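Summary of structural features
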Amino acid sequence: MSKSPVFEFLLLSFFIAIALAANATVATPVSVTQQFKEAPQFYNSPDCPVIVDEDESDGQESSILCSDQAVHVAMTLDTAYIRGSMAAILSVLQHSSCPQNIAFHFVASATANASLLRATISSSFPYLNFRVYPFDDSSVSRLISTSIRSALDCPLNYARSYLANLLPLCVRRVVYLDSDLVLVDDISKLAATPLGDDSVLAAPEHCNANFTPYFTPTFWSNPSLSLTFANRKPCYFNTGVMVIDLDRWREGDYTTKIEEWMELQKRIRIYELGSLPPFLLVFAGNIVPVDHRWNQHGLGGDNFRGLCRDLHPGPVSLLHWSGKGKPWARLDANRPCPLDALWAPYDLLQTPFALDS
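All values derive from a computational prediction rather than experimental measurement.

**What to know about unusual backbone geometry**
- The phi angle at Asp253 is positive, at roughly 50 degrees, despite the residue not being glycine.
- If you trace the backbone, Asp253 turns up in the loop between helix H9 (246-252) and helix H10 (254-267).
- Given the relative accessible area of 40%, Asp253 is considered partly exposed.
- Of note in the backbone geometry, Asn334 takes a positive phi value of approximately 60 degrees without being a glycine.
- Residue position: Asn334 is located in the segment after helix H12 (327-332).

Written out as structure tokens, the structure reads:
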């Protein structure tokens, strides 16, 4: 029995549709995890203190993560900035005289794939002393107000305010580092910054910067708010590089103090710049100043266009691409800034064309 032309047309259309659907399925982009090269192993110099790993024989977590002799480094960790984080870790280890005495404390969103992040770090740094701590985004999401750049509104950007709660009580002092930086000096020098009798944190200050724009006219026109800085000499400092005494932070309950300003910001808009202003409100004028060499910041340009910038005058121990422009993104786009060439040697990304040595 012969089939009608209409039936044959419908049958042909049906098979074409199946074929197109199959091809579409094959062509659908799939999120591919970035692959990173294994970094060299770095060893302590002979004069480094020996940290006895008492728990290692019991199969427990390395005791270096609680040792007062270790240099404790805290960073956030997520898939968006993982490439920057890997470069930062490598730079810390490469320039340290006692790299085996560094303990890394990574804070990741509780909703992130912690196993994947942990495996990524371990594959490039098999001998790294580290732990990943889950950060409950909801604990801070309700307090976040929109800022001038969406990246600043990420809850993980506020995790630095919660380090004293997230890290174990045995960690008494920590160096906090952003993910968009590299060190070219020994981090132990920064970690050893004296904090005096009562200071909670240390960071490079910029007292010549105009402090007024960090807060809105509403803030400055309200005497009960602007008097916050009475009897203080407030100076701008970048929160991407800080030495923090966690014991003193816990004793002073500074996380609550920061949250109180964030709660006020939800009711009255007193600032525009994400997680920085609450830190300034609580600490500006009361921190230990660190040499500017430890945060050559602003290399990512401003928060709008991310234009190229030069180094500040003076020696350099840490390069920081704060701002909109990130070196890995500009290098991938073949539009690098001159200083991005200083970040590139620490890039562990495994490119498709890289040959195994």
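Now, onward.
**Considerations on the pairing of strand E1 (residues 71-76)**
- Among the six residues in E1, six count as buried, and that is most of the element.
- Neither face of E1 is open: one carries Val71, Val73 and Met75, the other His72, Ala74 and Thr76, and all of them are buried.
- Where E1 meets strand E2 (residues 102-109), six bridges bridge the pair, whose relative direction is parallel. Counterpart to His72 in the pairing with E2 is Ala103.
- Handedness of the crossover joining E1 and E2 through helix H2 (residues 82-94): right-handed.

**A few points about the pattern of salt bridges**
- On inspection of all chains with the given rule, the structure shows eleven salt bridges.
- Between Arg172 and Asp247 there is a salt bridge; the shortest N-O distance is 2.8 Å. Separated by 75 residues along the polypeptide, Arg172 in the loop between helix H5 (163-166) and strand E4 (173-177) and Asp247 in helix H9 bring together distant segments of the chain.
- Linked through salt bridges whose partners overlap, the residues forming this network are Asp68, Arg172, Asp247 and Arg250.

**Quick look at the state of the cysteines**
- Evaluation of the coordinates by the stated rule reveals four disulfides.
- Between the sulfur atoms of Cys66 and its disulfide partner Cys170 the distance amounts to 1.8 Å. The sign of the S-S torsion, about -55 degrees, decides the handedness of the disulfide formed by Cys66 and Cys170: left-handed. Of this pair, Cys66 sits in the loop between helix H1 (5-27) and E1 while Cys170 sits in the loop between H5 and E4, and the two are 104 residues apart along the sequence.
- Under the relative-accessibility criterion, Cys66 is labelled partly exposed at 37%.
- Here Cys308 engages in a disulfide with Cys337; their sulfurs sit 1.9 Å apart. Between Cys308 and Cys337 the disulfide shows an S-S torsion of about -85 degrees. By sign, it is left-handed. Taken together, the residues Cys308 in the loop between strand E10 (288-289) and strand E11 (318-320) and Cys337 in the segment after H12 connect sequence positions 29 residues apart.
- What connects to what in the chain, once the bonded cysteines are numbered by sequence position, is 1-3, 2-4, 5-6, 7-8.

Procedures and definitions
- Numbering of residues begins from 1 in every chain and follows the order in which that chain's sequence is written.
- Totals for whole chains, interfaces and linings use all residues, but because this is a predicted model, local features are given only for residues with pLDDT of at least 70 and pairs of side-chain atoms are given and counted only at 80 or more.
- To get the side-chain values, all heavy atoms of the structure are used, and hydrogens and water are removed first.
- Helix numbers and strand numbers start at the N terminus; a helix is a DSSP run of H or I with at least 4 residues, a strand a run of E with at least 2.
- Each residue gets one of three labels from its accessible area relative to the maximum for its type: buried under 20%, exposed over 50%, partly exposed in between, using a 1.4 Å probe on protein chains only.
- Strands qualify as paired when DSSP identifies two bridges or more between them.
- The definition of a right-handed crossover adopted here requires that, viewed with the strands pointing away, the path from the first strand over the helix to the second runs clockwise.
- A pairing counts as a salt bridge when a side-chain nitrogen of Lys or Arg comes within 4 Å of a carboxyl oxygen of Asp or Glu.
- We call a pair of cysteine sulfur atoms a disulfide when they lie within 2.5 Å.

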